[in-house]
Amino acid sequence: MADNIILIGFMGSGKTSVGKLLAKSLSFQFIDTDEEIEEKNKMKISKIFDVYGEEYFRDLETNYIKNLIHHIQSSVISTGGGLPVREGNSEILRELGVVVYLKARKETIINRVKEDDTRPLLQTDDLEGRVNSLLTLREPSYRETAHIEIETDDLSISEIISEIMGQYHDMVKKDNL
Ligand SMILES: Nc1ncnc2c1ncn2[C@@H]1O[C@H](COP(=O)(O)OP(=O)(O)OP(=O)(O)O)[C@@H](O)[C@H]1O
Ligand SMILES: O=C(O)C1=C[C@@H](O)[C@@H](O)[C@H](O)C1
Ligand SMILES: [Mg+2]
């Protein structure tokens, strides 16, 4: 297994915020799949969904992570919230490195995303219902994909980083990464 750390979890679970600082703490490269896809396609994600639809975006995500295999090391990769759900992506993510699931309760997620209009799947009058149904649908994929799970609701970003680093170093020692 490569020494990369891959952060997965629902929208608003903190993958981007935690990932940026975690990479800095470890002196690793930082990659955010959403930011890379926007950059490569010169289009915001909400626009990609509008113009080409969700399936097209999912193809972009899968192709992007496939191309990382054997090409990156010592990197923190923050993923889009739906990435582990598509069939086959779980295996790709686990091949890329140690996968960490940032878990958050429905209430925590709603608080963090309610003011933000950049997530196309959350543009609805029934935010609670949408988060509830998507979370229930996705939870099994997150759990199957992850090597490590962190309950983030009551932790600050720096506490989450310490927790990840502790568990990551234990795995590295055990597996000789
Ligand atoms: N542990 C935390 N404590 C307090 N605020 C947090 C925490 N984690 C994330 N946040 C805040 O929640 C918001 C969403 O976080 P972030 O964008 O990192 O989520 P994400 O998992 O990358 O979401 P997406 O899947 O949509 O990309 C941000 O405003 C961030 O500052
Ligand atoms: O959970 C999701 O399906 C998404 C999460 C975001 O990170 C983006 O990848 C996009 O808005 C879709
Ligand atoms: Mg993000």
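Residue numbering note: each chain is counted from 1, following its sequence as written. A letter from A marks each chain and a number from 1 marks each ligand, given out in the order of writing. Local features in a predicted model are, by the rule used here, given only for residues with pLDDT of at least 70; side-chain atom pairs are given and counted only at 80 or more, and totals for whole chains, interfaces and linings are based on all residues. Heavy atoms from the whole structure form the basis of all side-chain values; hydrogens and water molecules are not counted.

Per an unreviewed UniProt entry, the chain goes by the name Shikimate kinase and belongs to Mobilisporobacter senegalensis. UniProt positions are given in the numbering used here, feature names are shortened, and annotations may be inferred rather than shown by experiment. Recorded in UniProt for the chain, the comment headed Catalytic activity (unreviewed entry) runs: "shikimate + ATP = 3-phosphoshikimate + ADP + H(+)". Listed in UniProt under the heading Sequence similarities (unreviewed entry), the comment for the chain reads: "Belongs to the shikimate kinase family."

(A) Up close: the site of ligand 1. By convention in these notes, a residue is near a molecule or strand provided one of its non-hydrogen atoms lies within 4 Å of it. Taken together, 15 residues lie around ligand 1, and Gly-12, Lys-15, Thr-16, Ser-17 and Arg-119 are the ones closest in. Note that an oxygen atom of ligand 1 is positioned 3.0 Å from one of the backbone N or O atoms of Gly-14. Side-chain atoms alone can form a polar contact between residues adjacent in sequence; in general such a contact is a pair of N or O atoms within 3.5 Å, and within protein one must be able to donate a hydrogen while the other accepts it. A distance of 2.4 Å is found between an oxygen atom of ligand 1 and a side-chain nitrogen or oxygen belonging to Ser-17. Reported accessibility uses the Shrake-Rupley method at a 1.4 Å probe radius. Residues are deemed covered only where the shown protein chains occlude them. The protein chains hide 72% of the 640 Å² of surface that ligand 1 would expose on its own. Every helix listed is a DSSP run of H or I at least four residues long, and every strand listed is a run of E at least two residues long, numbered separately from the N terminus. In terms of residue count, helix α1 (residues 15–26) provides more of the shell around ligand 1 than any other element does, 3 residues in total. Ten residue types, Ala, Val, Leu, Ile, Met, Phe, Trp, Tyr, Cys and Pro, are classed as nonpolar, four, Asp, Glu, Lys and Arg, as charged, and the remainder, Gly among them, as polar. The residue makeup of the shell around ligand 1, split by class, is 5 nonpolar, 6 polar and 4 charged.

(B) Representation of a nonpolar patch on the surface in the model. A cluster of nonpolar side chains, Val-51, Tyr-52 and Tyr-56, forms an exposed patch at the surface whose accessible area comes to about 290 Å². Mapped onto the secondary structure, Val-51 falls in helix α3 (residues 45–52). Residue burial is assigned from relative accessible area. The probe radius is 1.4 Å, only protein chains are included, and a residue is buried under 20% of its type maximum, exposed over 50%, and partly exposed in between. You can call Val-51 partly exposed: its relative accessible area is 47%. Note that patches include only residues with greater than 30% relative accessible area and no salt bridge, and the join distances are 9 Å for like charges and 5 Å for nonpolar side chains (Val, Leu, Ile, Met, Phe, Trp, Tyr). When a carboxyl oxygen of Asp or Glu is within 4 Å of a side-chain nitrogen of Lys or Arg, the pair counts as a salt bridge.

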